[in-house]
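Reading the structure
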Amino acid sequence: MVITKSDKMNIKEYRRERKNKNYSVGNEHDAILERNQDVKNKKAVYLKKKLTEKLPPDSEVINKPKLIYTVSAREFWNPEHLSKEETEIPELREYLRTIYLKEKQKLVKDYMAEIWSMHRLAKNFGSMPQHEDQVFQKSGVKELILKDIDSLEKPLEKCFDDIQKPLRESVEDARKNYWNTVNKLLTRDEYRGFHRTLKAVCLKDGVYASRIFARIDFNESLAKPMYDKIDGIFEHIFRTQNATRASLWPHLEMFQKEVQSKILQTGKDNCLPNENSKIQNFILETNIILQKLRKKIFHKKLCIYQSLCVSIQNELKPHYKAASEAKGHGSCGRMKTILMEGIAREVQNQMFEMARSKMVIQFLELKVK
């Protein structure tokens, strides 16, 4: 989490309201650093709690010693109270650079492995002696692969079945909580200019990054009870590090190992060395298939997860449009009425049930692919 404008400070107000009265704050520099540290301590506890609820306990981000950065661009470029290091921009810049390089290295490594595999396949294409082709045609490798593919269906169904019950229960939670959510989203009259923010939200189909109210997302807020119910099991299904049999990836890796083991055993039974070009081609092909499959699964994971929000947004678009067209005196009240009545109507028309169904369809499509 990055907290900006951390140099803003009313020293008199801060001295009056600060809780630690055991010692005084000498100057604005000390007050800014003390306030920023207090903010980091509080936000870190909250953020770690939220991350722990949604991510596996061994996730890298959970174990990161620093989760909050309080930065100030103004002080970085024109130092008045803080040094450049105290603005935390150099530290944040280095952290982002490290992440960027790590991801780029991983991407390049994957590309190079794929290019090397394709080069080797092209080099050896058509060069294998005929008797080697006959060996593998008679070995039953093809039948084993087809059999293993069929056997994958059951564990994959088990992975997806695990989320069905919490997904059904999430619909009831969303229906129970939606009215309180709507009231909370629309009751901000104490802030001047909320009608302009609300209109911007409607023009953006329920999503608006407001400078006053932070990011507002009606669709995500309405879907939150559903996400709260499924987040744990969803993350577990697509987990790759320290995954269990309830996760998707170990079954695919097991399939890869069984097929490659059969290929190596066939070569051994027929006095072919492991370095034989035909054997190596088979191994490379299965590696390429699994690499591409992994990329597709990660992409599909994002589509599946976002399907709840997207479905709710699509159902509410006509009401966002109608509310955005409200003009003149009392337009804020009319916008609220249109949204409240429209959302209530869509809930009655099974908006949450349709969102659940669309997520289920996305899971089924992934299994078929």
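The structure we're discussing is the one just above.
Notes on a nonpolar patch on the surface
Taken together, the side chains of Leu107, Val108, Tyr111, Met112 and Ile115 present a nonpolar region at the surface, about 490 Å² in accessible area. Within the element layout of this structure, Tyr111 appears in helix 4 (residues 89-124). Note on Tyr111: relative accessible area 44%, which makes it partly exposed.

Some words on the nonpolar core
Phe218, Phe238 and Phe352 are the most contacted members of the largest nonpolar core, which has 55 residues in total. The greatest single-element share of this core, amounting to 11 residues, is contributed by helix 11 (residues 277-324). Not counting residues within four places of it along the chain, the set of residues in contact with Phe352 comprises Val171, Ala174, Arg175, Tyr178, Leu222, Met226, Ile312 and Val347. Grouped together as the second largest cluster of nonpolar side chains are seven residues, Ile11, Tyr14, Val25 and Ala31 included.

Examining the environment of Phe76
Structurally, Phe76 can be placed in helix 3 (residues 73-77). Taking the C-alpha atoms as reference points, Phe76 and Asp7, separated by 69 residues in sequence, lie 10.0 Å from one another. Setting aside residues no more than four positions away along its own chain, Phe76 makes contact with Lys84, Thr87, Ile89, Pro90 and Arg93.

What to know about the packing of helix 7 (residues 164-186) against helix 12 (residues 331-348)
Here helix 7 crosses helix 12 at 170 degrees, and the two axes come no closer than 11 Å. If you check the angle between helix 7 and helix 12, you find them roughly antiparallel. In this structure, helix 7 crosses over helix 12, and the sense of that crossing is right-handed. Here Arg175, Tyr178, Trp179, Val182, Asn183 and Leu186 of helix 7 come into contact with helix 12, specifically with Lys336, Leu339, Met340, Ile343, Ala344, Val347 and Gln348. Of the residues that constitute the contact of helix 7 with helix 12, the class distribution is nine nonpolar, two polar and two charged.

Re the pattern of salt bridges
This model, assessed by the stated rule, comprises 13 salt bridges. Among the salt bridges present, the one from Glu169 reaches Lys229, with a minimum N-O distance of 3.7 Å. Here Glu169 is found in helix 7, whereas its partner Lys229 is found in helix 9 (residues 218-237), with 60 residues between them in sequence. Salt bridges linked by common partners bring Lys40, Lys66, Glu88 and Glu91 together as one network.

Quick notes on the environment of Ile263
Tracing the backbone shows Ile263 in helix 10 (residues 249-269). Sequence separation of Ile263 and Ile279 is 16 residues, and the distance between their C-alpha atoms is 6.6 Å.

Focus on unusual backbone geometry
Backbone phi values are negative for most residues with the exception of glycine, while trans is the configuration of most peptide bonds. A positive phi angle, near 65 degrees, is found at Glu88, a position not held by glycine. You can see Glu88 is positioned in the loop between helix 3 and helix 4. With relative accessibility at 8%, the residue Glu88 sits in the buried group. With a phi angle near 70 degrees, Gln350 is a residue other than glycine that sits in the positive phi range.

Calculation notes
Residue positions within a chain follow its written sequence, with the count starting from 1. This being a predicted model, a pLDDT of at least 70 is required before a residue's local features are given, and a value of 80 or more before pairs of side-chain atoms are given or counted; all residues contribute to the totals for chains, interfaces and linings. Hydrogens are left out, water is left out, and the side-chain values use all remaining heavy atoms of the structure. Each patch is built from salt-bridge-free residues with over 30% relative accessible area, joining like charges within 9 Å and nonpolar side chains (Val, Leu, Ile, Met, Phe, Trp, Tyr) within 5 Å. Calculation of accessible area relied on Shrake-Rupley with a 1.4 Å probe; when residues are assessed, cover is drawn exclusively from the protein chains displayed. Salt bridge, as applied in this entry: a Lys or Arg side-chain nitrogen positioned within 4 Å of an Asp or Glu carboxyl oxygen. Runs of E in the DSSP output that reach at least two residues are strands. Runs of H or I that reach at least four are helices, and both are numbered from the N terminus. Per-residue accessibility, obtained with a 1.4 Å probe over protein chains only, is compared with the maximum for each type, and a residue is labelled buried under 20%, exposed over 50%, and partly exposed between these values. Remark: nonpolar core denotes a set of buried residues (Ala, Val, Leu, Ile, Met, Phe, Trp, Tyr, Cys) joined through side-chain atoms within 4.5 Å. The contact criterion used throughout is that any non-hydrogen atoms of two residues lie within 4.5 Å. Angles shown run from 0 to 180 degrees and are taken between the N-to-C directions of axes, each axis being a line fitted to C-alpha atoms and, for helices, limited to the stretch in contact. Here the word oblique covers every angle except those under 35 degrees (roughly parallel), over 145 (roughly antiparallel) and from 65 to 115 (roughly perpendicular). Crossings are classed by handedness, with left-handed meaning an anticlockwise turn of the near helix from the far one by less than a right angle and right-handed meaning a clockwise turn. For this classification, the nonpolar set comprises Ala, Val, Leu, Ile, Met, Phe, Trp, Tyr, Cys and Pro, the charged set comprises Asp, Glu, Lys and Arg, and every other residue, Gly included, is treated as polar.

As far as function goes, none of this settles anything; it's purely spatial.
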